Amino acid sequence: MNSEDKKAADLFRYYAESATAQYDHVMSTSPERGWIFLLTKAFWNAAYKAKEEGKKIILSAGCAPIELIYSFDAIPVYMDMIATRTSDDQELTAKYVDIAEKLVPNSMCGITKIPYGVVMAGDMTIKPDAMMYSSVPCDSSRISYVAISR
């Protein structure tokens, strides 16, 4: 199994481990910048460990009130974070953009193409229990998040 197949086999684990590695690196080189990496590490580790901790996962889109998700003792996974976590891996990013562009116009925003490609590839390794969507001022998200929910 090549490295891309391993990442796809457990994408949320890959996200959690890479966020943790980035945090550890920053803390050893520029600890004053560690706070932002700590937030990313906490976000992905919570998403990765949610199911084993008995928590539900709710995919969310921009402007969705995540306080509502936390009030249900669930973990929000903000779909734009899928794109930003993937963006530091050019091969993985290209894979998901290519998959998405087989199904949607190539003019669709890259931030929404990535989660769309992840879902269409079957690489959403942790199945969400629900999706919370809100109307945001982005045409791409209004189209793709509805399609992802289906």
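Scroll up to find the structure.
In short, a report on the structure. Source: prediction; values computed, not measured.

Looking at unusual backbone geometry
Then step 1. Positive phi values are uncommon outside glycine, yet Asp 73 reaches one of about 55°.
Then step 2. Its location among the elements puts Asp 73 in the loop between helix 4 (66-71) and strand 2 (74-78).
Then step 3. You can call Asp 73 partly exposed: its relative accessible area is 47%.

Quick word on the nonpolar core
Then step 1. Phe 12, Tyr 15, Trp 44, Val 77, Ile 82 and Val 118 are the most contacted members of the largest nonpolar core, which totals 32 residues.
Then step 2. At the level of secondary structure, the elements contributing two or more residues to this core comprise helix 2 (11-29), helix 3 (34-49), strand 1 (56-60), strand 2, helix 5 (79-86), helix 6 (90-101), helix 7 (110-121) and helix 8 (139-149).
Then step 3. Considering every element that reaches this core, the biggest residue donor is helix 2, with six residues.
Then step 4. Setting aside its immediate chain neighbours within four residues, Val 118 contacts Leu 11, Tyr 15, Ile 82, Tyr 96, Asp 123 and Met 124.
Then step 5. If you look at the next biggest cluster of nonpolar residues, it comprises five residues, including Ile 58, Ala 64, Ala 74 and Met 132.

A closer look at the pattern of salt bridges
Then step 1. Per the stated rule, a full pass over the model turns up six salt bridges.
Then step 2. Residue Lys 113 pairs with Glu 101 through a salt bridge whose shortest N-O separation is 2.5 Å. Taken together, the positions of Lys 113 in helix 7 and Glu 101 in helix 6 put the pair twelve residues apart, joining distant regions of the chain.
Then step 3. For Lys 113, a relative accessible area of 5% puts it in the buried group.
Then step 4. Assessed through its relative accessible area of 32%, Glu 101 is described here as partly exposed.

Parameters and conventions
- Residues numbered from 1 in each chain as written.
- Predicted model: local features only at pLDDT ≥ 70, side-chain atom pairs only at ≥ 80, totals over all residues.
- Heavy atoms only, no water.
- Helix = DSSP H or I, 4+ residues; strand = E, 2+ residues; numbered from the N terminus.
- Buried < 20%, exposed > 50% of the residue type's maximum accessible area, 1.4 Å probe, protein only.
- Core = buried A, V, L, I, M, F, W, Y, C linked by side-chain atoms within 4.5 Å.
- Contact = heavy atoms within 4.5 Å.
- Salt bridge = Lys/Arg side-chain N within 4 Å of Asp/Glu carboxyl O.

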